[in-house]
Amino acid sequence: TLAAFQPEAVMHFAASALVGESMENPSKYFRNNIGHGLNLLDAMIATGRKQLVFSSTCAIFGPPERLPIDETLPPRPINPYGESKLAFEKILRWYGEIHGLRFVALRYFNAAGASENFGEEHRIETHLIPNVLKVALGLMPHVEIYGTDYDTPDGTCIRDYIHILDLAHAHILALKAPKSELYNLGTGGGSSVREVIECCRRVTGHKIPVVEKPRRAGDPPRLIAASEKIQRELGWRPQFQSLEAIIESAWKWRQKFPNGYGD
Ligand code: UDP
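Our subject in this report is the structure included herewith. (Residues numbered from 1 in each chain as written. Predicted model: local features only at pLDDT ≥ 70, side-chain atom pairs only at ≥ 80, totals over all residues. Heavy atoms only, no water.)

Let us look at the packing of aromatic side chains. Applying the stated criterion across every chain yields a total of four aromatic pairs. Their ring planes at 80° and their centres at 6.2 Å tell us that Tyr29 and Tyr81 sit as a pair that is edge-to-face. Of the two residues, Tyr29 is situated in helix α3 (residues 26-46) and Tyr81 in helix α4 (residues 80-99); the sequence distance between them amounts to 52 residues. Judged on exposure class, the residue Tyr29 and its partner Tyr81 are both buried. Considering the side-chain rings of Trp253 and Phe257, the 5.7 Å spacing of their centres and the 45° angle between planes classify their relative orientation as tilted. Each member of the aromatic cluster is reached from another via a ring pair, and the members are Trp253, Phe257 and Tyr261. The aromatic ring of Trp94 is capped on one face by Arg93, whose charged end is 4.6 Å from the ring centroid. Cation over ring: Lys229 sits above Tyr183, and NZ or CZ is 5.2 Å from the ring centre. (Phe/Tyr/Trp six-rings, centres within 6.5 Å; stacked < 30°, edge-to-face > 60°. Helix = DSSP H or I, 4+ residues; strand = E, 2+ residues; numbered from the N terminus. Buried < 20%, exposed > 50% of the residue type's maximum accessible area, 1.4 Å probe, protein only. Lys NZ or Arg CZ within 6 Å of the ring centre and 35° of its normal.)

Right, dumping it as structure tokens:
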């Protein structure tokens, strides 16, 4: 395909991307995210394609020494998913040095929200916002909270939710990056699991019952991005600053497509 189409650049999104699953089946994560990713890189080199935008993740960090997380903090993943993405970032550096590959790795924090026609729906949904919205739609009786004893103000994990359109815009800007770089990508706001559920209650008007469960293995307590580097260097600015606006867009999409991408 690369030889036939000769694209100017490649955007590599494909991956296994579930923290919980990676703690049960690490082999799948190392094989798919590293091994199969290498197939793509080698095909790029073989066909003379030299520019890549790579979907990396905040899961490379693990519990950070300080917040928000900027690019100078040492990556210390606490799950095989984060480890596999970090390994691939390192591989990119060597392909850069040896084969002249130019890359931008975008470390997404928690991708969320929807455009008019595209939203979040996985077969076997594990993500927080789509699960909460399924409850609001009456497709699930309650949402589970994984862990209420974290060292956070309300005991639940804190994440930085970023709208998919803001992420998409960062990819366009990354194509114009003058040199290989790694960028953290979030809004800089932190929302706990309970805050997300409360916000979904406001947006949907549903009372959204919850059931408190034990912690999910591999979850860092707090992940919040410092995105000043990509703002400064590539001029990126998030348009969706509030969790409410992000959830509103997801809810609108979900109401328009109650079966997601199904029939
Ligand atoms: N979570 C939860 N209930 C769910 C799904 C997720 O309590 O049904 C929690 C999860 O433990 C994590 C946060 O919500 O602390 C965000 O999880 P998600 O899977 O959406 O994204 P991740 O941060 O793992 O990429």
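Let us keep going from here.
Another point: empty space enclosed by the protein. Think of a ball as big as a water molecule: rolled over the atoms, this probe shows where empty space is left. Taken as a whole and assessed by the stated rule, the structure comprises three cavities of 30 Å³ or more. Estimates place the volume of the largest cavity at around 70 Å³. Lining of the largest cavity is provided by Gly113, Ala114, Gly119, Glu120, Ile129, Pro130, Leu133, Ala250, Trp253 and Arg254. Of all the secondary structure elements, the ones that give two or more residues to the lining of the largest cavity are α5 (128-136) and α9 (243-256). Here the second largest cavity defines a volume of roughly 40 Å³. As for the second largest cavity, its lining consists of Gln51, Leu52, Arg102, Phe103, Val104, Ala174, Ala177, Lys179 and Ser180. (1 Å grid on protein atoms, 1.4 Å probe; cavity = no way out; pocket = protein on both sides within 12 Å on 5 of 7 lines; lining within 4 Å. Points joined across faces, edges and corners; volume = space filled by probe spheres on them.)

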